Every structure is written in C-alpha cells, then in structure tokens.
Amino acid sequence: MSAEADVLIIGGGAAGLFCAIEAARRGRRVTVLERADRVGKKILMSGGGRCNFTNREVGPQHYLSANPHFCKSALARYRPEAFIARVDAHGIGWHEKELGQLFCNESSKQIVRMLTDECAEAGVRILCNWSVESLTALEGGFEVRSSSASLRASRVVVASGGLSVPTLGGSDIGYRLAQQFGHRLQPLRAGLVPLTLSGRPLEQWQDLAGVSLPVEARSGRMAFRNALLITHRGISGPAVLQISNYWQPGEPLTLRLCPELDWPAWLAEQKAAQGERELRSLLAEVLPRRFVQRYAELHLPAAGEPVKRLQGARLQETVSRLQQWPLVISGTEGYRTAEVTLGGIATDEISSTHFESRRQPGLHFIGELLDVTGWLGGYNFQWAWASAHACAQAL
C-alpha cells in the first residue's frame, strides 16, 4: 500500500500532538488531522487560561476506570517530572498551587506553542479543518477520508477526545470509530462538571451566585475538601467538580461546612470566650456573611440566640447541621461545561503497553477516549502525556 504517512493521528489536542512529536522523533512520518480551525483549543481554555499541565503527585488512585489497573503501566513509564523538564527546557515559567497542581505563570498559549514548535521541529504535518468521515482498514494499513480528501497510512492513532465542551471540538467521532472496529464503550457521562439545583432549592440559593466557601463534598465513600461556588444554576467549585465524577443521579450529596474545623470544639471555645454573642455572628467569622444569613434562615433555628444557650440536644442538632448541609441535587450542567467525559472505550481489548487495539492491528486509541478519567488538578493532562508517550514508542 502506498501511504502518504507512516502514522495518521486523528485529533490535535494534548494527546494527539504529544504522540505526534514522540513518533516523529523516532523517525516516523506523521500527519495530524484536526477538525477545528487550529490545534489545542481545549488546552487554551484549561486551568482558567493558565493550563494545569500536570500534578506533582500522580498515581492510579487518582483515576476512575472499570479496570483500575489499566493506567498503571503508562503512568509509571512517563512521570510528571519528565513533562516538567520539557516545560523548563522551553523557558515556560510555572507555579505550584494547592494539592500539587502545576500551572503556567502566564498563559496556556505557552503549552500549545511548545507542542506546535516541537511538532514543527520534528517534521509533523498538521492539517486543520479536516473532519474525518470514515476510516477503512486496507491491506497493510488504513485509509482516512473526509468529504473532500483521503489519506493513507500504515498506522492510525485516534486521539480525538471526548464529548465535553463541543464548542471547542468535543465530538463522538472517536467512539464511533472504536465501535466500528468492534470495541465496547463503558457508559458515557459528563465529568468534572458543575451540579444543578431546581425548584425550591434553586430559589433558595441562586441569588447568592458568586459566593464561595470551604466544604467537604461527599458521595458514597468518596469525599473531597476544597471550595464550593454557588452559581445561578446550582453549585460548582473544585470540591463540587471533583465529587461530580462519583455522584450519581438520585444519590444523596452531603456537604460539610468548614471541614477543617472541629465544630464541637470550636463551639465550646466560643461559648467559653464570647458566650453572649449570637451563633450567626460567630459563624460569619469563618464563613461568608451572606451565606451564613441564608443558611441560618433555612437550617439553624438557634442561629439568633447567644451561643452559651446551646446545650444538649440543641447543641448536637446545631453541630449536625454544620456538618451536613442537606442540599438536593437535580443533575449536572452536562457536556457543555464538563471538563472531561467519564467512561469511554473499554480497556479490556486495548493494550496497556502500546495502546493498540486487540481487534484491529495498527489501530491505536489514547487519552480521554479510553475509560480512564482523572481527578481535577492536572491528572487528565498527565494521562494524555503518558498514554501518548507509551503509544508512540510502538509506532
């Protein structure tokens, strides 16, 4: 078969570009096909425009998958330190925020520029506005067609990402191609996504949109401590985005206010030191005042009384309500604002070493397409780098 490239990579996001670079550096002729008008659009919007490009502490425990062992090999073979060194080599300044998260000092554009510069240096060809319509296996390779052109290659890597943020290129093409070759999909849903309220709960809280407070968000056995942000449609913020990966419709979601505080001990201290003050006034010193006023109206009958009067059952009830905010969730904001897509191509017929399909030799799947989803905090970028690097070694 006469081929225009050794490798065609479908998708010009983080995983696709990184795989292209690594494969081209190994002497392969690589072409990247990107359906948007430019590569790296999702990278540009990540991390509030500063790209949370990895995390210092990365392990399989930070990922969700029907097969939690699948990600171990790739993550072990390409560690965060390797990507940090790459960023440093390009002179990109970065800083560490909470929980090991690493961000560019200036802009996500620097990461996109780093990847495109390395593509150019390695001789990678990038074709934008190239929407894949079909993928056909031929003797010795593949043919990829758009509405106006076709390309052939010995190997194809599908790195087209998931369904999240369709305005930035999210689509189902990768899933459709996988199913075409007999691969199963684990159920798909929006991940790292704001949660929504409806009816009375929404009416009670939506006018406080913009208020942020520390919480522990818990669903089942998983819990995350970080900030919660009240929005016009419900709740968001790091703690909520994290727990959204685990929360299921109909399941309870519990929120503990100021999780670092030992509420019984704190209340005892306040009773001893300033027992004449109202509970509501004291809470406003550790939580936003507007939130305290509303929460007191809805859930704290004793909020307007001097704290010294909190005794026995009333004290226990107050502690319970500070530790468990009964907020009824109606759903999520969906793929429109989701950072990732949960679920994806089942990993049982994908090699965890080189990400090749066990059903179709020469066909590879990497990144978000697979049933591997990371926590908030740079873990999904590290999965993109690690899966792309592992795949490229076999191309």
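Preceding block: the structure.
Here is what the cut-offs are and how they apply
- Residues numbered from 1 in each chain as written.
- Predicted model: local features only at pLDDT ≥ 70, side-chain atom pairs only at ≥ 80, totals over all residues.
- Heavy atoms only, no water.
- Pairing = 2+ DSSP bridges.
- Helix = DSSP H or I, 4+ residues; strand = E, 2+ residues; numbered from the N terminus.
- Core = buried A, V, L, I, M, F, W, Y, C linked by side-chain atoms within 4.5 Å.
- Buried < 20%, exposed > 50% of the residue type's maximum accessible area, 1.4 Å probe, protein only.
- Contact = heavy atoms within 4.5 Å.

Chemist: Requested: an account of the sheet that holds strand β6 (residues 101–104), with residues and values cited.
Modeler: The antiparallel open sheet is built from three strands, whose spatial order is β3-β6-β5. The outermost strands of the open sheet, each flanked by one partner alone, are β3 (54–55) and β5 (94–96). The pairing of β3 with β6 spans two bridges and is classified as antiparallel. The residue bridging T54 from the neighbouring strand is L102, located in β6.

Chemist: Before we move on, could you go through unusual backbone geometry and cite the residues and values that matter?
Modeler: We note that C51 has phi near 60 degrees; this positive angle belongs to a residue other than glycine. A positive phi angle, near 55 degrees, is found at L99, a position not held by glycine. Within the secondary structure, L99 sits in the loop between β5 and β6.

Chemist: Pulling in residues and values, what's your account of the pairing of strand β14 (residues 222–230)?
Modeler: Summarising the sheet, strand β13 (residues 212–219) and β14 pair through eight bridges and their orientation is antiparallel. Bridge pairing in β14 links P214 to A227. Where β13 folds back on β14, the antiparallel hairpin that results is connected by two residues, among which G220 adopts a positive phi of roughly 60 degrees. Where β14 meets strand β15 (residues 234–236), two bridges bridge the pair, whose relative direction is antiparallel. In the strand pairing of β15, I230 is matched with I235. Between β14 and β15, which pair antiparallel in sequence order, lie three residues.

Chemist: Please give an account of the nonpolar core that cites residues and values.
Modeler: In this structure, I111, L257, F291, F355 and W383 are the most contacted members of the largest nonpolar core, which totals 122 residues. With 10 residues, the single largest contributor to this core is helix α13 (residues 379–392). If we skip the residues at most four places from it in the chain, L257 touches L213, P214, V215, W263, L287, F291, Y295, L322 and W325.

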